[in-house]
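# Summary of the model geometry
So you can see what is in the structure, the chains are spelled out below.
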Amino acid sequence: MGITYILIFVLLIHIYLFRKLIFKWNVFSVFFISTVIFSLIGILAFPFVKQFVLKVFWTFDFRSITNYVIIKTQIIAVFSVLLILYTYSFVMTIVYGKIKCINHMEIEEGIKDNISRSKYFFILFCIGLFLLIYLYIKRKVLYTGFFEGLIYRDPDALLTSRKAITSNYLYVVITYNLLPFITIISLYLAINKNSLFNKFVFFTLLITSCILILLLFQKRPLILFLLCLIFATFIFKRNTKRSNTKRRSAKKDKKIIRRRFILYGSYLFILLMLLYYSSTTYQFKSIFQGVSTLTEVALTRVFGRLSIPSFFYVSYFPDVGSHYGIRNIGTLGKIFRYEVFLDTQELFKHFSWREKKGTLAINSIMDFYGAFGYYGLIIGNITLGFFIGGLDVLLNKLEKNTVNLVFIIFCFVFAYYLSQASFARSLLGYGFFFFVLCWVYLQKRFKIKLR
């Protein structure tokens, strides 16, 4: 317990000292805050709520999670986050001569339009054609997942449908990455170019995106897409075609913004509870019992989904199994033809009491340890710190035009996924590579404008 208190104090003092850097709209901020919320809080709180965790996550075997494993996991997690913080600060100091607190949403002269309309409509046509053909082929799978899984609340039907619908890699890329990116682009056109056609295209894409993401039968992608939509709406309305009327005072403006974000956040949390309800077989005697139970489920998944597997990884590697290196990267396995080590599935099978197949989720910092041990932990997190720092420096040089701003928003999405998955999966499976392709492709004459 003593070491846990020390680590909590060390983390909090760093958050206070670097607060101006952390609480800004930049890639590092999103990564740091997401990692703290979804991993570190649960990891550091584990000794205080261990009995509650054993009760909630009763399907897992915690016998090997000793006090030594708990402390080791806490040290690894806090050390890794702080190592990335100091590496990022070093990059800022080298580039700017000081620890610059970058805010990508500081837009002084409004948003310029740099969308290539011909490319925009071409990619819309290609995506629409592919989806029509693919969804027609998979219509039975969608029917089973939607009605049997969501409406009649059958978790097995959901799992079967999810595996079947996501078996095509191109469909996953379009649904996770390309379609949301194009939808946010269409949002700007609907706001800035106030025409019936642009509004029709936007609402068509919005409805299509929400339905297809919902039919992935996962909760996180839909919540994340709606967050991007809310954030982009706020940015576009605030900075495009500003009216000549007198604006409200900054203080009053901040209060209104704060209230709206609290309201939107509440709506999204209610949606999250409804999605948990539709994907489980819980039965409730009253609305109060339902709300309290679903709130507990949602909160335990938010703070436990990534923190609990962290202890498993530290317990498993290298005592039970050897570090897997790059053997868990499926793309490289196909290229170099080696057997891929499915770490999240293997550890689920090892620690679960159930015979059913499943997977765990692990963030990038713990994946470095699972892959390479202590050396990988140090080298990997320093590399990640340099990468995030370099990305923020690049984004800070971009002109504040439409395509650049949408790309920045999806760089925030990439930063969030770094707190949810490995570095390699965040680059490919969760879309950073495809965000880059969309960003470059949609520029007029492929010209990326700088400030």
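Calculation rules
Residues numbered from 1 in each chain as written. Predicted model: local features only at pLDDT ≥ 70, side-chain atom pairs only at ≥ 80, totals over all residues. Heavy atoms only, no water. Axes fitted to C-alpha atoms, helices over the stretch in contact; angles between N-to-C directions. Helix = DSSP H or I, 4+ residues; strand = E, 2+ residues; numbered from the N terminus. Parallel < 35°, antiparallel > 145°, perpendicular 65-115°, else oblique. Contact = heavy atoms within 4.5 Å. Nonpolar A, V, L, I, M, F, W, Y, C, P; charged D, E, K, R; others polar. pLDDT = per-residue confidence, 0-100. Core = buried A, V, L, I, M, F, W, Y, C linked by side-chain atoms within 4.5 Å. Buried < 20%, exposed > 50% of the residue type's maximum accessible area, 1.4 Å probe, protein only. Phe/Tyr/Trp six-rings, centres within 6.5 Å; stacked < 30°, edge-to-face > 60°. Lys NZ or Arg CZ within 6 Å of the ring centre and 35° of its normal. Polar contact = N/O pair within 3.5 Å; in protein donor to acceptor, adjacent residues only side chain to side chain. 1 Å grid on protein atoms, 1.4 Å probe; cavity = no way out; pocket = protein on both sides within 12 Å on 5 of 7 lines; lining within 4 Å. Points joined across faces, edges and corners; volume = space filled by probe spheres on them. Patch = residues over 30% accessible without salt bridge, like charges linked within 9 Å, V, L, I, M, F, W, Y side chains within 5 Å. Areas by Shrake-Rupley, 256 points an atom, 1.4 Å probe, with all protein chains shown as cover. Salt bridge = Lys/Arg side-chain N within 4 Å of Asp/Glu carboxyl O. Left-handed = near helix turned anticlockwise from the far one by under 90°.

### Topic: the packing of helix H10 (residues 196-214) against helix H11 (residues 220-239)
- The contact between H10 and H11 brings their axes to 9 Å, and the two run at 155°. One way to sum up the angle between H10 and H11 is to call them roughly antiparallel. The segment H10 lies against H11, with Phe202, Leu206, Ser209, Cys210, Ile213 and Leu214 engaging Pro221, Leu222, Phe225, Leu226 and Leu229.
- When the residues that make up the contact of H10 with H11 are grouped by side-chain class, the tally is 10 nonpolar, one polar and no charged.

### Observations concerning the confidence of the model for the protein
- Across the protein, pLDDT averages 87, with 92% of residues at or above 70.
- Mean pLDDT across the elements of the protein ranges from a minimum in helix H12 (residues 250-278), with 69, to a maximum in helix H5 (residues 67-96), with 97.

### Some words on the nonpolar core
- Of all hydrophobic cores here, the largest spans 135 residues; its most connected members are Tyr120 and Phe181.
- Once residues lying within four places of it in the same chain are set aside, the contact partners of Tyr120 are Ile115, Ile182, Ile185, Ser186, Leu189, Val201, Leu205 and Leu442.
- The next biggest cluster of nonpolar side chains, apart from the first, holds five residues, and it includes Leu272, Met273, Leu294 and Ala298.

### Comments concerning the packing of aromatic side chains
- Scanning all chains against the criterion turns up 42 aromatic pairs.
- Geometrically, the ring pair formed by Phe18 and Tyr86 is edge-to-face, given 5.8 Å between the ring centres and 85° between the ring planes. Of the two residues, Phe18 is situated in the loop between helix H1 (2-17) and helix H2 (19-22) and Tyr86 in helix H5; the sequence distance between them amounts to 68 residues.
- On the basis of relative accessibility, which here comes to 14%, the residue Phe18 falls in the buried class.
- Against the face of Tyr136 rests Arg139, its NZ or CZ located 4.2 Å from the ring centre.

### Topic: the environment of Tyr369
- Relative to the elements of secondary structure, Tyr369 occurs in helix H17 (residues 364-397).
- Through-space distance from the C-alpha of Tyr369 to that of Arg327 is 14 Å; in sequence the pair is 42 residues apart.
- If we skip the residues at most four places from it in the chain, Tyr369 touches Lys72, Ile76, Tyr313, Val314, Phe317, Pro318, His323, Tyr374 and Leu377.
- Of the polar contacts made by the side chain of Tyr369, one reaches the backbone oxygen of Phe317; its length is 2.9 Å.

### Things to note about the side chain of Gln443
- Topologically, Gln443 is positioned in the segment after helix H20 (432-441).
- In this structure Gln443 touches Asn114, Ser116, Lys119, Val403, Asn404 and Ile448, once residues within four positions along its chain are discounted.

### Here's the deal with empty space enclosed by the protein
- Applying the stated criterion across every chain, the model contains one cavity of 30 Å³ or more.
- A volume near 120 Å³ is recorded for the largest cavity.
- In terms of lining residues, the largest cavity is bounded by 14 residues, among which Tyr176, Pro180, Pro221, Leu224 and Phe225 are the most central.
- Contributions of two or more residues to the lining of the largest cavity are made by helix H9 (169-192), H11 and helix H18 (402-418).
- A class-by-class count of the residues in the lining of the largest cavity yields 12 nonpolar, two polar and no charged.

### Points about a nonpolar patch on the surface
- On the surface, a cluster of nonpolar side chains totalling about 620 Å² of accessible area is made up of Ile3, Ile75, Phe79, Tyr375, Ile378 and Ile379.
- Residue assignment for the nonpolar patch shows that the elements contributing at least two residues are H5 and H17.
- Residue contributions to the nonpolar patch peak at three residues, all from H17.

### Thoughts on the side chain of Ser186
- Mapping Ser186 onto the fold places it in helix H9.
- Discounting chain neighbours no more than four positions away, the residues touching Ser186 are Tyr120, Val201, Phe202 and Leu205.

### Looking at the environment of Phe18
- When the C-alpha positions of Phe18 and Tyr316 are compared, they lie 34 Å apart, and in sequence the two are 298 residues distant.
- Setting aside residues up to four positions removed in sequence, Phe18 forms contacts with Leu85, Tyr86, Ser89 and Ile99.

### A few points about unusual backbone geometry
- In this structure, Pro318 follows Phe317 across a cis peptide bond, with omega equal to -5°.
- Along the chain, Pro318 falls in the loop between helix H14 (307-316) and helix H15 (330-336).
- Although it is not a glycine, Arg445 adopts a positive phi angle of roughly 55°.
- The residue Arg445 is located in the segment after H20 in this model.
- The phi dihedral of Phe446 is positive, around 55°, even though this residue is not glycine.
- Relative to the helices and strands, Phe446 is located in the segment after H20.

### So, the packing of H1 against H5
- In contact at an axis separation of 10 Å, H1 and H5 are set at 15° when each is read in the N-to-C sense. The angle between H1 and H5 falls in the class roughly parallel. Relative to H5, H1 is oriented so that their crossing is left-handed. For the pair formed by H1 and H5, the contact residues are Ile3, Thr4, Leu7, Val10 and His14 on the first element and Ile71, Gln74, Ile75, Val78, Leu82, Leu85 and Tyr86 on the second.
- The residue makeup of the contact of H1 with H5, split by class, is nine nonpolar, three polar and no charged.

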